[in-house]
Amino acid sequence: MRIQDNLGLITWTALDKALYFLFGFVTILIFNHTSTFDFGLYSLLIFLNSWIFTVGDSFALNIIIQYGLNTKNTARVNSIALLNMIALSGIISLVVFVFRDLFAVIFNESNLIEIAKLTPLLSLFFIPRTFTLKLMYRDRNMKNVFLINLFFFGTIAALIFYSLFQKISLNFTNLSNYYLIGALTSSIVGIIVAYKKIVFSLKGEVTIRELYSFSWKIAYTNILHTIPKQVDIFIIKLFFATETIGLYSAAKSLYRLFDEAINAIYGLLYPTAVKFIQNNDYNSINSLINKSTSFVFWIFLLASIFIISPIGDVVLGLIFPINYTQSLDYLKLMVLTTPFLAFISFYSIITAEGKLKYLLKGVVLANVGFFITLLIVCFTHSDKFLPLGLVSFFSIFGLTALYYGITKYNFKPRYLFLAFPDTINYIKTKFKL
């Protein structure tokens, strides 16, 4: 399978992830006009909502790709997936709302009450966005994925620029309202572009037991997988002030560019792997995974070298305001993991084949490393090393995936260099050399 044969798909995926890159500059504007305290609160809201919908996505919506590709089951799977999504996100957000005073006491932050009050409404606005995105990923319609995300980030960015122009304060209240409006706009656009795919019925061949059996296996694995990426700031909040959360979250906001790139690649590889497995075409799967791993490895490696280098230090030093200097140090530690992210591609085959016990083992090992490292840092109050928990998680998770790739999918170290001849051949073809 050649990369150049899928340039249309890859191009729209690249454009979609470019939105995250461009929004990174908007985030930098927020850094420069928001206190670390307000940004810390805003981050707690975003990561709480992200965790709710990551759990919901893994339990409720992954069946759309795993079983919805079969047109006989599409409408039935859609119905069950949406009902599960509404129930799960609704229950979690209402629990947060009802116990808001208790959470405020536990985390020693009274403003968590305001975050809890926003959670049910934010969940309601996010459901159509998340559901329609999954439908588009199933069909590999990355153009519509791009449009849905464009209106989400574009709306928030437009409101941020308007606030700066009108000299409106970028405090927690305004930032959270902009996030709500972006979610609502994105959901409306998602319904518009995906309306032909939004079909519901209870008729189909796949059984509810089969769907729930798959969902549970994915759900408890993904719950563990999301803890280091989305719940870590709540663990850190137990030991450190909200201002520290703001500094740490600022670094994570930029590191998210790498994480979102991996999510995009996984979003492409997973449905493709499911399709190839159904056709018993394992040669294409191996070719696809090996080449994508090679490209991602070298791109991420070069990006991390730039960030850590003196040139990157100068460039990022100009971007980060003086009160966010610690965030730059956090980011340098985080990017140490980026080359290992390339190997996560192997989990797409494991998931597509239904061998979820291997995925679970990788997640459990990575979480053990994460908790041990982060708790040592927190109990010793070594705030300079807060990212080491995240570094430990991604390093172990990526290396475990590499082990699976070598032992189960015949991956060879030399395959890491496949990107070079493929790129050279493409250039030769493009310019007819």
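What you see as residue numbers is a count from 1 along each chain, following the sequence as written. Local features in this predicted model are restricted to residues whose pLDDT is 70 or higher, and side-chain atom pairs enter the listing and the counts only when it is 80 or higher, whereas totals over whole chains, interfaces and linings include all residues. The side-chain numbers reported here are obtained from all heavy atoms of the structure, hydrogens and water having been left aside.

Colleague: Hey, could you go over the overall build of the chain for me, with residue numbers and the actual values?
Modeller: Numbering of helices and strands runs from the N terminus, with a helix taken as a DSSP run of H or I at least four residues long and a strand as a DSSP run of E at least two residues long. Assigned secondary structure in the chain consists of 17 helices and 0 strands. Relative to its length of 433 residues, the chain is compact, with a C-alpha radius of gyration of 21 Å against a globular reference of 22 Å. Overall size of the chain, expressed as C-alpha extent along the three principal axes, is 55 × 55 × 45 Å. The buried share of the chain, taken over its 433 residues, is 55%. Every residue pair with non-hydrogen atoms within 4.5 Å of one another is taken to be in contact. Across the chain, every contact between residues at least 6 apart in sequence was considered, and the portion connecting residues at least 24 apart equals 83%. What sets the accessible areas is the Shrake-Rupley method with a 1.4 Å probe; for residues, cover comes only from the shown protein chains. For the chain, the accessible area works out to roughly 19,100 Å², and carbon and sulfur atoms hold 68% of it. Across the chain, the centroid of the 34 positively charged side chains sits 10 Å from that of the 20 negatively charged ones. Based on C-alpha atoms, the radius of gyration is set beside the globule rule, defined as 2.2 Å times the residue count to the power 0.38. Partly exposed describes any residue whose relative accessible area lies between the buried limit of under 20% and the exposed limit of over 50%, with all areas from a 1.4 Å probe on protein chains only and scaled to the type maximum. The sign given to each residue is positive for Lys and Arg and negative for Asp and Glu; His and the chain ends receive no count. Charge coordinates come from a single atom per side chain, which is NZ of Lys, CZ of Arg, CG of Asp or CD of Glu.

Colleague: A description of unusual backbone geometry should follow, citing residues and the corresponding values.
Modeller: One non-glycine residue with positive phi stands out, namely Asn-108, at about 55 degrees. One can find Asn-108 in the loop between helix 4 (100–106) and helix 5 (112–138). Phi at Lys-167 is positive, roughly 60 degrees, even though this residue is not glycine. Take Lys-167: it is sitting in the loop between helix 6 (142–165) and helix 7 (172–194). Taking the relative accessible area as the measure of exposure, Lys-167 reaches 77% and is therefore exposed.

Colleague: Summarise the environment of Ile-156; cite the residues concerned and give the values.
Modeller: Relative to the helices and strands, Ile-156 is located in helix 6. By relative accessible area, Ile-156 is classed as buried at 2%. Separated by 215 residues in sequence, Ile-156 and Phe-371 have C-alpha atoms that sit 34 Å apart. In contact with Ile-156, other than residues within four places in its own chain, are Phe-23, Tyr-178, Tyr-179 and Gly-182.

Colleague: So what about a nonpolar patch on the surface? Which residues, and what values?
Modeller: Surface patches are drawn from residues lacking salt bridges whose relative accessible area is over 30%; two like charges belong together within 9 Å, two nonpolar side chains (Val, Leu, Ile, Met, Phe, Trp, Tyr) within 5 Å. What counts as a salt bridge is simple: a side-chain nitrogen of Lys or Arg found within 4 Å of a carboxyl oxygen of Asp or Glu. On the surface, Ile-91, Val-95, Val-98, Phe-99, Leu-102, Ile-106 and Leu-238 cluster together into a nonpolar patch covering about 650 Å² of accessible area. Of all the secondary structure elements, the ones that give two or more residues to the nonpolar patch are helix 3 (74–98) and helix 4. Counting residues per element, the nonpolar patch draws most heavily on helix 3, which supplies 3 residues. Along the chain, Ile-91 falls in helix 3.

Colleague: So, the environment of Glu-210: which residues are in play, and what are the values?
Modeller: Summarising the element assignment, Glu-210 is placed in helix 8 (residues 208–237). Of the residues examined, Glu-210 reaches a relative accessible area of 37% and is grouped as partly exposed. Placed 147 residues apart in sequence, Glu-210 and Ile-63 show a C-alpha to C-alpha distance of 9.8 Å.

Colleague: So, the packing of helix 5 against helix 6: which residues are in play, and what are the values?
Modeller: A fitted line through C-alpha atoms serves as each axis, taken over the contacting stretch for helices, and the angle formed by two N-to-C directions is quoted from 0 to 180°. Packing of helix 5 against helix 6 brings their axes to within 8 Å, and their N-to-C directions diverge by 160 degrees. The angle between helix 5 and helix 6 falls in the class roughly antiparallel. Between helix 5 and helix 6 lies a crossing whose hand is left-handed. Every residue of helix 6 that contacts helix 5 at Phe-126, Arg-129, Thr-132, Leu-133, Met-136 and Tyr-137 is listed here: Met-142, Asn-144, Val-145, Ile-148, Asn-149 and Phe-152. Grouping the amino acids of the contact of helix 5 with helix 6 by side-chain chemistry returns 8 nonpolar, 3 polar and 1 charged. Geometric relationships in this document are graded by angle, where less than 35 degrees denotes roughly parallel, more than 145 denotes roughly antiparallel, 65 to 115 denotes roughly perpendicular, and other angles denote oblique. Working rule for handedness: look at the near helix, and if it is turned counterclockwise from the far one by less than a right angle, call the crossing left-handed; if clockwise, right-handed. Under the grouping applied here, Gly and all other residues not named as nonpolar or charged are polar, the nonpolar ones being Ala, Val, Leu, Ile, Met, Phe, Trp, Tyr, Cys and Pro and the charged ones Asp, Glu, Lys and Arg.

Colleague: Give a detailed account of the pattern of salt bridges, specifying residues and quantitative values.
Modeller: What the rule picks out here adds up to 7 salt bridges. Here Lys-72 ties to Glu-205 by a salt bridge, and the two come within 3.6 Å at their closest N and O atoms. Here Glu-205 lies in the loop between helix 7 and helix 8 and Lys-72 lies in the loop between helix 2 (36–68) and helix 3, a separation of 133 residues in the sequence. A salt bridge links Asp-139 to Arg-138, with the shortest nitrogen-to-oxygen separation between them at 3.1 Å. Among the charged side chains, a network of salt bridges with common partners joins Arg-138, Asp-139 and Lys-197.

Colleague: Which residues make up the environment of Tyr-42, and what are the values?
Modeller: Turning to its location among the elements, Tyr-42 is positioned in helix 2. Apart from residues lying up to four places away in sequence, Tyr-42 is in contact with Phe-172, Leu-175, Ser-176 and Tyr-179.

Colleague: Residue-level account of the side chain of Arg-76, with values.
Modeller: By secondary structure assignment, the location of Arg-76 is in helix 3. Although buried, Arg-76 forms no salt bridge, and the nearest oppositely charged side chain, Glu-210, lies 8.5 Å from it. Ignoring anything within four residues of it in the chain, the contact list for Arg-76 reads Ser-201, Leu-202, Lys-203, Gly-204, Val-206, Thr-207 and Ile-208.

Colleague: Let's hear about the packing of aromatic side chains: which residues, and what values?
Modeller: Two rings belonging to Phe, Tyr or Trp (six-membered ring only in the last case) form a pair when the distance between their centres is within 6.5 Å. Interplanar angles under 30 degrees mark stacking, angles over 60 mark edge-to-face geometry, and anything in between is tilted. Applying the stated criterion to the full structure yields 28 aromatic pairs. Here the aromatic rings of Trp-298 and Phe-417 are separated by 5.5 Å at their centres, their planes lie at 45 degrees, and the arrangement is tilted. One end of the pair, Trp-298, is in helix 10 (residues 282–308); the other, Phe-417, is in the loop between helix 16 (388–408) and helix 17 (419–431), with 119 residues separating them in the sequence. The interplanar angle of 80 degrees and the centroid separation of 6.3 Å between the aromatic rings of Tyr-347 and Tyr-404 together place this pair among those described as edge-to-face. Of the two residues, Tyr-347 sits in helix 14 (residues 346–352) while Tyr-404 sits in helix 16, which places them 57 residues apart along the sequence. Take Tyr-347 and Tyr-404: they sit in the same class, and that class is buried. Clustering of aromatic rings is evident, with ring pairs tying together Tyr-255, Phe-258, Phe-300, Tyr-347, Tyr-358, Phe-393, Phe-394, Phe-397, Tyr-403 and Tyr-404. If you follow Arg-129 out to its NZ or CZ, it ends over the ring of Phe-152, 4.3 Å from the centre. Here, over-ring charges are defined by two tests on the NZ atom of lysine or the CZ atom of arginine: distance to the ring centre within 6 Å, and angle to the ring normal within 35 degrees.

Colleague: Could you give an account of the side chain of Thr-74, naming the residues involved and the relevant values?
Modeller: Its location among the elements puts Thr-74 in helix 3. Setting aside residues no more than four positions away along its own chain, Thr-74 makes contact with Gly-68, Arg-138 and Val-199.

Any link to function would need more than the numbers given here.
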